[in-house]
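As a plain string of letters, each chain reads:
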Amino acid sequence: MIRNAVTASLLAMALHAQAQAAAPAPLKAEAAALVDARAGELAGMIDQLFSFAEPGFQEVRTSAYLAAILEKNGFKVTRGVAGIPTAFTAIWGEGGPMIALGSDIDGLLGLSQTPGVPGAKPLVAGAPGHGEGHNSGMPMMIVAAIAAKQVMEKNGIKGRIMLWPGVAEELVATKAYYVRAGLFKDVDANMFAHVGDQLNTSWGPLSYTASLSVEYTFQGRTAHAAGNPWDGKSALDAVELMDAGWNMKREHLPPSQRSHYVITGGGNQPNIVPDKASVWYYFRDTTLPAVKAMFEAGNRIADGAALMTETSVTHRILGHAATNYGNRPLAEAAFANMQTVGLPTWSTADRNFARAVLAGFGRKDQPLASNGPQLWSPENPNPDRNAGSDDIGDIMWTVPTITIVYPSNIPGVSYHNVMAAAAMATPIAHKGAVAGAKVAAMTLLDLMTTPELVASARTWQQDVQFKTERYQPLLGPDDQPAIHLNADIMTKLRPAMEKQYFDPKKYRSYLQQLGIDYEKAGVSAAQ
């Protein structure tokens, strides 16, 4: 026991010492300066993606726009990877380690919001919007990669950079397919970025749940609902019975679970017995085996509902997310760079606008990011617990990975709500992304110049992370990405949305195009 404890202690000390190895400070300063030089370009990219506001699997303009920028800057782009039309990889460099950088790009249905307005005001009624801030992460990572690339070229540093977008993250619908397709088989380490209201990163198990997204479809038989209903077999009855059965099941599930559903199809009109109906479930818990048990219970309840209604049932997996686990050596290296970069300098207009948004949506006043950065860990846990899911977990169990959270949004807003979109094409979003890009570029140089950091990240994953869990995805061999999702919605809404696209050839910012005076937007809240 003593010998094992000593061995573990020595391993931890060795990993900590390796994690402190870093790129020379002048190289990092050069990368940070290059990010600053591209701050205007970064802001324009954030604004452009905000205006596209495309939901999962329909990020057509977003994907094409980002891929074109990367090609222009010397990256080799491969489109349509993993069978997903809007997914791509962009690779530059030769020799050395392969370091990946990614972030999500999809918007959310029904959350169209005019930026710079401290209250609900859709750009296009009923259209998608960036109520999570996914318009900022890939621009941030692209600018970070270009800055690091320029430093590497100037100083003869070998290495490869791979950029990839998170498609349909709000549907937890693609990253397990990325892994299955082998997109990360040659990657040594991965940095992921997610918008937040602070600057931080984490190591160890994160609070996000594992998740499985499943749609159940029941098939029955039509009949006249008044004339001869006895000849009908109602698929909608089956859906309702399944939902009732699952709601009974909840009482007997662990408190760690989360489960929810929407009826996606319930028939055509009341006087026809529905012969087809469907219901879409998310099953969540703290481990994939627990989610698998929920899935199996859901299947049994669906079979029972079909038996009771004399219908048949099939199911299709639409999304998958493993638990999240941050890599300690990578997190410590990124945190050291966060301490160097520090938080953005917020202007009076920034602070006033943040107050106005919170007041406009009836939220408690909180200041823009002023404390930190933070390094969260089992020893220093993040007090902001979250039972949501993020399919970056599938990549975290494949290659050493961390999430860099950067302060591009307002503390106190509710995500998946229009209030979280209000600041996402304003100087708040722009400044937060600049800080994040500097951290990512500097950490990328650490990995490119410090082989022991790459080695320690892999050792930590093998010897520490994999002791607690092994990646066993719940995807079957016939499961395929649900690329049909949101297609009908965008067919209807895209023509109106196109009229609101940002035109950087005519305007310096999206706020200018929309005629919004940011300096005055929050003045009333300050008075």
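Scroll up a little and you will see the structure.
This report concerns the structure included in the present document.

Considerations on helix H3 (residues 39-52)
In step 1: Taking 1.5 Å of rise per residue, the 14 residues of H3 would be expected to cover 20 Å, and the 20 Å separating its terminal C-alpha atoms lies within 8% of that figure.
In step 2: In terms of burial, H3 is largely enclosed, as eleven of its 14 residues are buried.
In step 3: Buried-residue contacts for H3 involve helix H4 (60-72), helix H5 (137-155), helix H12 (427-449), helix H14 (487-498) and helix H15 (510-514).
In step 4: One or two steps after H3, the chain reaches Ala53, where phi turns positive at roughly 50 degrees.

Some remarks on the sheet that holds strand E10 (residues 276-285)
In step 1: Strand order in the open sheet made by the four strands is E9-E10-E8-E11, with antiparallel pairing throughout. Pairing within the sheet leaves two strands with one partner each, and these edge strands are strand E9 (258-265) and strand E11 (312-321). Across the sheet, the mean angle from the axis of one strand to that of its neighbour is 20 degrees, orientation sign disregarded.
In step 2: Here E9 pairs with E10 via seven bridges, running antiparallel. Bridge pairing in E10 links Ile263 to Val279.
In step 3: Where helix H7 (residues 235-249) meets the sheet, its contacts fall on strand E8 (210-219), E9 and E10, and the angle it forms with E10 comes to roughly 20 degrees.
In step 4: Contacts from helix H8 (residues 288-309) reach E8, E9, E10 and E11, with the element oriented near 10 degrees to E8.

Structural notes on the environment of Gly319
In step 1: With respect to the helices, strands and loops of the structure, Gly319 is situated in strand E11.
In step 2: Residue classification places Gly319 among the buried positions, given a relative accessible area of 1%.
In step 3: For the pair Gly319 and Leu474, spaced 155 residues apart in the sequence, the C-alpha separation amounts to 9.8 Å.
In step 4: Setting aside residues no more than four positions away along its own chain, Gly319 makes contact with Leu171, Val172, Ala173, Ser211, Leu212 and Ser213.

Rules of the game
- Residues numbered from 1 in each chain as written.
- Predicted model: local features only at pLDDT ≥ 70, side-chain atom pairs only at ≥ 80, totals over all residues.
- Heavy atoms only, no water.
- Helix = DSSP H or I, 4+ residues; strand = E, 2+ residues; numbered from the N terminus.
- Expected span 1.5 Å × (residues − 1).
- Buried < 20%, exposed > 50% of the residue type's maximum accessible area, 1.4 Å probe, protein only.
- Contact = heavy atoms within 4.5 Å.
- Pairing = 2+ DSSP bridges.
- Axes fitted to C-alpha atoms, helices over the stretch in contact; angles between N-to-C directions.

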